[in-house]
Structures are given as C-alpha cells and as structure tokens.
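Structural description and commentary
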Amino acid sequence: MFYVERNFMKFNDVGRSFSFVQMGVEMYIVLLGAPGSGKGTVGKIIAEDLKLAHISTGDLFRENLKNETELGKEAKKYMDKGELVPDEVTIKMLKSRLEENDVENGAVLDGFPRTEVQAKSLDEMLNGMGAKVDMALNIDVPFDEIVERIANRRSCKGCSEIYNVVFNPPKQEGICDKCGGELYQREDQKPEVVENRLKVYSKSAQELINHYENAGILYDAKAGDSVGKTSYDVAKEVEEYIKSK
Ligand code: ADP
Ligand code: ZN
C-alpha cells in the first residue's frame, strides 16, 4: 500500500501533517462479511473517504437484471435462490469493471471474491495491473442478528432505497419517502432465501479468511448491535487503522 500525491493535497494549519482524506490513497480493499453484515454500507463510506471506486458485484448483477441483459437473465436464476452465480461469469464481469477509468487509484471490492477460485483470479488480475489486494476486511456480525436485520428490510421498487421497518421505517408504511414508490421484500430477502445465503456464505467464508490471513492482510472487525458498533463505526475504525500504517 502506498500513498499518492494528488492535486488536492493540502497541508494543515501548522503546515506539517496531512490526512489521507486530503491526500488520497492507492489501494485495493476486499470486503468479507455475510449478507446483511453491513459490508455494503462500510464499503461505501470507506470508498468515498479514501476516493476509491466502490465495486459491488451484487449491484452489477442487479443492474444487468434491470436492463434485462443476457448476463442479468443468467444471474437471476442463481440470485433468486440465494446461490452464487458461477465463477466464470462473475470473474469476467469483475475483470471488465476493473478496466474502467475510475479504478485507476484502486477500489473497494464489495462482494468479490466469494470463492477461493475468485480470490486467486483476483490476485492474478491485480498482479497483471501491477497491483495487489492490500487489505481484506472481515466484518463479523452474529448470524441471529443478521437474520433479524434482513427480515426487516424493505426495498423501493422505484429507486431501490432500502428501509428497515423497525430502525429506519418510511414515514408512511409501504411507501418510499424519496420517490413515493412501492416498498417490497426482495425475493432474496425472504427468510428461506436468507438462510440459504448464509449457508452459502459460511461454506466459502473460512477459505477466504484463510487465503487473506496467509497473505498477512486480514483485518477483523467485530460489528453489530451486540458489540455496539455500527457500519459507520467500523468504517472509521478501518480508516484510522489505514492511516496508522
Ligand atoms: P449479499 O451480500 O447480501 O448476498 P449481494 O448484493 O452482494 O448480496 O449479492 C446478491 C447476489 O448476487 C448473491 O446472492 C449472488 O447470487 C450474486 N453474487 C454477488 N457477488 C457474487 C460473487 N462474487 N460470486 C457469485 N455470485 C455473486
Ligand atoms: Zn423510492
């Protein structure tokens, strides 16, 4: 990992030190964590603060679904059941995303890799770009907390905004505050499917954790209500850690 000088680099009042928010950082961060662990939220905050691209394979698939592309149609078969989309399809999609311009300073990868095959191919892809995974952030939330969280989730049909019927309800039940769209429970947020997603996650989680632990770049963050840490807290903790390196 290394810091890069950018135009917006500014020294602070005393003219000595600077923070990375002003500085920019060049790195690839991989997010590990179960569905519903809040890794999407953590990823977005970190990416924005560190000026990195935020790449979510789940979002990329959903975009394809919405645009009814061939890729989207193929992916839907797996997504609706909470299964993983085959490695070959997923890796190809990620590879072309990494070639886009906004990735030049690195990225926060949210939802990729999910299998060891994907992890190895990511290492190869980045290697080919003269880069590497600099940090794997594992967000650890107890499964029972996750099940409850996802069960309470509702999405807007219009703008995809997400609500929690307990912690973040819309002003009017069933209706989006932002666009007036209808709120619904996504197919993959239904309890049976959530359970399957967690099962699928558990199956590959350990080998991914091992992969990055062996590389010496694993950072473990406990999160969730039981430890009193929100996604925001985790993001700030990680940023402090990066700054201290
Ligand atoms: P979650 O992390 O909550 O499961 P995502 O939005 O990350 O949700 O992903 C939604 C779905 O997209 C997954 O259930 C899976 O079917 C598919 N998907 C996303 N990323 C990958 C990946 N790296 N490999 C295979 N399938 C993926
Ligand atoms: Zn909406």
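Residues numbered from 1 in each chain as written. Chains lettered and ligands numbered in written order. Predicted model: local features only at pLDDT ≥ 70, side-chain atom pairs only at ≥ 80, totals over all residues.

**Thoughts on the overall build of the protein chain**
When helices and strands are tallied, the protein chain shows 9 helices and 9 strands. Against the globule reference of 18 Å for 245 residues, the protein chain gives a C-alpha radius of gyration of 19 Å, in line with a compact fold. By its C-alpha atoms, the protein chain is 50 × 40 × 35 Å across when sized along the principal axes. Evaluated residue by residue, the protein chain yields a buried proportion of 31% over its 245 residues. (Helix = DSSP H or I, 4+ residues; strand = E, 2+ residues; numbered from the N terminus. Rg over C-alpha atoms; globule rule 2.2 N^0.38 Å. Buried ≥ 20, exposed ≤ 12 C-beta atoms within 10 Å, placed from the backbone.)

**A few points about unusual backbone geometry**
Here F112 and P113 are connected by a cis peptide whose omega angle stands at 0°. With respect to the helices and strands, P113 occurs in the loop between β4 (106–110) and α6 (116–128). Phi at K51 takes a positive value of approximately 55°, unusual for a residue other than glycine. Position of K51 among the secondary structure elements: in the loop between α2 (39–50) and β3 (53–56).

**Some remarks on the pairing of β4**
Buried residues dominate β4, accounting for 5 of its 5 residues. Across the two faces of β4 the burial is the same, with G106, V108 and D110 and A107 and L109 all buried. Both strand β2 (residues 25–33) and β4 contribute to a ladder of 5 bridges, which runs parallel. Across the sheet, Y28 pairs through a bridge with A107, a residue of β4. Both β3 and β4 contribute to a ladder of 4 bridges, which runs parallel. Within the sheet, the bridge partner assigned to H54 lies in β4 and is V108. (Pairing = 2+ DSSP bridges.)

**Here's the deal with the confidence of the model for the protein chain**
Overall, the prediction assigns the protein chain a mean pLDDT of 87, with 90% of residues at 70 or greater. Low pLDDT (under 50) marks residues 1–19, which in the prediction has 23 contacts with non-local residues, meaning those over four places away or in another chain. (pLDDT = per-residue confidence, 0-100. Contact = placed C-beta atoms within 7 Å.)

**As for the sheet that holds strand β7 (residues 162–164)**
The 3 strands are arranged β7-β6-β8 in an open sheet whose pairing can be described as antiparallel. Two strands bound the open sheet, and with one partner strand each, they are β7 and β8 (183–184). In terms of strand pairing, strand β6 (residues 153–156) meets β8 through 2 bridges, oriented antiparallel. From the neighbouring strand, C156 faces β8, where its bridge partner is L183.

**Overview of the packing of α2 against helix α9 (residues 231–244)**
Angle between the axes and distance between the axes: these two values describe a pair of packed helices. Between α2 and α9, the shortest axis-to-axis distance is 8 Å and the interhelical angle comes to 40°. What the angle tells us is that α2 and α9 run oblique. Crossing of α2 against α9: the hand is right-handed. From α2, T41, V42, I45, I46 and D49 reach across to α9, where they touch S231, Y232, V234, A235, V238 and E239. Among the residues forming the contact of α2 with α9, the class breakdown is 7 nonpolar, 2 polar and 2 charged. (Axes fitted to C-alpha atoms, helices over the stretch in contact; angles between N-to-C directions. Parallel < 35°, antiparallel > 145°, perpendicular 65-115°, else oblique. Left-handed = near helix turned anticlockwise from the far one by under 90°. Nonpolar A, V, L, I, M, F, W, Y, C, P; charged D, E, K, R; others polar.)

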